Amino acid sequence: MGTAYTIRCKHCGARFNHSTDGGFGFLPHCIGCGDGRGYVETQVAIRCPACHRRLNATSEEFNEQVEVTYSWD
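Description of the structure in this document. (Residues numbered from 1 in each chain as written. Predicted model: local features only at pLDDT ≥ 70, side-chain atom pairs only at ≥ 80, totals over all residues. Heavy atoms only, no water.)

Some thoughts on the pattern of salt bridges
Side-chain pairs of opposite charge can arise whenever the charged atoms involved come near each other. In this structure the tally under the stated criterion is three salt bridges. Note that Lys 10 and Glu 61 form a salt bridge whose closest N and O atoms lie 3.4 Å from each other. Residue Lys 10 is located in the loop between β1 (2–8) and β2 (15–21), and its partner Glu 61 is located in helix α1 (residues 59–65); the two are separated by 51 residues in the primary sequence. Residue classification places Lys 10 among the partly exposed positions, given a relative accessible area of 48%. The closest approach of N and O atoms between Glu 67 and Arg 15, which form a salt bridge, is 2.7 Å. Taken together, the residues Glu 67 in strand β3 (residues 66–72) and Arg 15 in strand β2 connect sequence positions 52 residues apart. Taking the relative accessible area as the measure of exposure, Glu 67 reaches 37% and is therefore partly exposed. Of the residues examined, Arg 15 reaches a relative accessible area of 54% and is grouped as exposed. (Salt bridge = Lys/Arg side-chain N within 4 Å of Asp/Glu carboxyl O. Helix = DSSP H or I, 4+ residues; strand = E, 2+ residues; numbered from the N terminus. Buried < 20%, exposed > 50% of the residue type's maximum accessible area, 1.4 Å probe, protein only.)

Structure below.
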C-alpha cells in the first residue's frame, strides 16, 4: 500500500509530487481514518525541492499544503 501527494509549498509556492510506501515494517498509512487524510510520518523530513524547507514538522502543517491525495494497495 502506498500514498502519493500533490503538494504546494506554503513557503515558496512550488508545486510537486511526493509518494510514500506503506511497507518496510514501519507504521502503516491509515487511509480513510479521521478526516480522511491518513497518517503522515513526521520523524523523517519531507522537504520542498525548490526552497528545501521542511513541510511536515507536524501532520497539520503537512495537510494544509496537500492539494491531492492518491492511495493504492
